[in-house]
Amino acid sequence: MAEMNMLHAINDALAIAMTADERMVVFGEDVGHFGGVFRATSGLQEKFGRDRCFNTPLTEQGIAGFANGLASNGMTAVAEIQFADYIFPAFDQIVNETAKFRYRSGNQFNVGGLTFRTPYGGGIAGGHYHSQSPEAYFTQTPGLKVVIPRNPEQAKGLLLASIRDPNPVIFFEPKRLYRASVGEVPAGDFEIEIGKADVVKTGSDITLLGWGAQMEILEKAATMAGKDGISCEIIDLRTLSPWDIETVATSVKKTGRLLINHEAPLTGGFAGEIAATIQQECFLHLESPISRICGLDTPYPLILEKEYMPDELKTYEAIKASVNF
């Protein structure tokens, strides 16, 4: 085991994967000698050469199209979109090409070796163009997997699994945890299964569900609720597509209550999909309506960032309201 922050864990995962797979290349804006705007790819160009870790022009659509071409020819392509806010120019390439490559060819060719890495979320005073959480847009696209880690250990294991998965993966990295989240990470090569949620804490009164940076919020809210005698079960979904219905439903059948927390806006957020599925699976077990504590339906504000965030205080109040319903 070694103590790492999330950036070091991601960098370590990339280096391990590149060492094991000579077909793997890493590319994006400023990822080469500069090491990326957050330094996630620092040292990779020096270690593996300019042919395997290199800069691209500032064109997200071009990055995604180039990634599709490499992957369709058998390369393992890991493309970085510098901020998730700027993944939208690449949306057509990802949704209409990456996701459908295998399907439209009848499995004659695919881009399964493709992973998009991108930092998402707020909490860094980045304003409306550097703070968005666009994960829900991609969960409605068959052919893509969507993965979001909560800490350094999860980031390393899930990223290695994503790079090696036979399907294209979008790997969202919670940027406010890049240096803030520090923990023990297994040394060497290991993977964490994609599509399987993690029960972080067991409890009996209410299930709290989230992913990425919001897991820290849920843990703080659960501690506050615990002082009131409320026992919270905490689940990290980790993979949004495909998501682990069974683990969540089993928990809700036990606790009778569900609260979902995510930073993306409420309307159209992935919490709505979860709520619809769980009420269908667990209707006769529910003791109160499913709660969604999410961002606001407004562009991400700079000055009012604290008001926008679905923080532990909002979550704590919602826990009490659900238990006392």
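Within each chain, residue numbers correspond to sequence positions counted from 1 in written order. Local features are withheld for residues below a pLDDT of 70 in this predicted model, meaning they are given only at 70 or higher, and side-chain atom pairs are given and counted only at 80 or more; totals for whole chains, interfaces and linings count all residues. Hydrogens are left out, water is left out, and the side-chain values use all remaining heavy atoms of the structure.

> It is not clear to me how the sheet that holds strand β7 (residues 169-174) should be interpreted in this structure. Could you clarify?
Within a sheet, neighbouring strands are paired by backbone hydrogen bonds and run either parallel or antiparallel to one another. When DSSP locates at least two bridges between a pair of strands, those strands are taken to pair. Helix and strand labels come from DSSP, where a helix needs a run of H or I of at least four residues and a strand needs a run of E of at least two; each type is numbered from the N terminus. As summarised here, the arrangement of the seven strands in space is β3-β2-β4-β5-β7-β6-β12, forming an open sheet in which the pairing is mixed. Because the sheet does not close on itself, it has two edges, and the strands there are β3 (53-55) and β12 (239-241). In this sheet, adjacent strand axes meet at a mean angle of 20° when their direction is disregarded. The pairing of strand β6 (residues 145-147) with β12 spans two bridges and is classified as antiparallel. Residue pairing for β12: V147 is matched across the bridge by T239. Contact definition: two residues touch when any of their heavy atoms are within 4.5 Å. In this analysis an axis means a line fitted to C-alpha atoms, helices contributing only their contacting stretch, and an angle means the value between N-to-C directions, from 0 to 180 degrees. Of the strands in this sheet, β2 (24-28), β4 (76-80), β5 (114-120), β6 and β7 touch helix α7 (residues 152-164), which is tilted by about 160° from β7.

> Could you clarify how one ought to interpret the layout of surface pockets in this entry?
Both cavities and pockets are sets of points on a 1 Å grid over the protein atoms alone; in a cavity a 1.4 Å probe fits but cannot get out, in a pocket the set is open with protein on both sides within 12 Å along at least five of seven lines, and lining residues sit with an atom within 4 Å of a point. Grid points are joined across faces, edges and corners, and a volume is the space filled by probe spheres set on the points. Roughly 310 Å³ of internal volume is contained in the largest pocket. The wall of the largest pocket is formed by 19 residues, among which S133, P134, Y137, A264 and P265 lie closest to the centre. Those elements that place two or more of their residues in the lining of the largest pocket are α6 (135-139) and β13 (258-265). Polar here means any residue outside two lists: the nonpolar Ala, Val, Leu, Ile, Met, Phe, Trp, Tyr, Cys and Pro, and the charged Asp, Glu, Lys and Arg; Gly therefore counts as polar. Among the residues making up the lining of the largest pocket, the classes are represented as nine nonpolar, eight polar and two charged.

> Even after reading the chapter, I still don't get the sheet that holds strand β10 (residues 206-210), so can you show me in this structure?
A sheet is described by the order of its strands in space; here five strands give the open sequence β9-β11-β10-β13-β14, paired in mixed fashion. Two strands bound the open sheet, and with one partner strand each, they are β9 (198-201) and β14 (291-295). Each strand of the sheet is rotated relative to its neighbour by a mean of 25°, with strand direction disregarded. Taken together, the three bridges between β9 and strand β11 (residues 232-236) define a ladder with antiparallel strand orientation. In the strand pairing of β11, D198 is matched with D236. Sitting on the sheet, helix α10 (residues 270-282) is in contact with β10, β13 and β14, with an inclination near 155° to β13.

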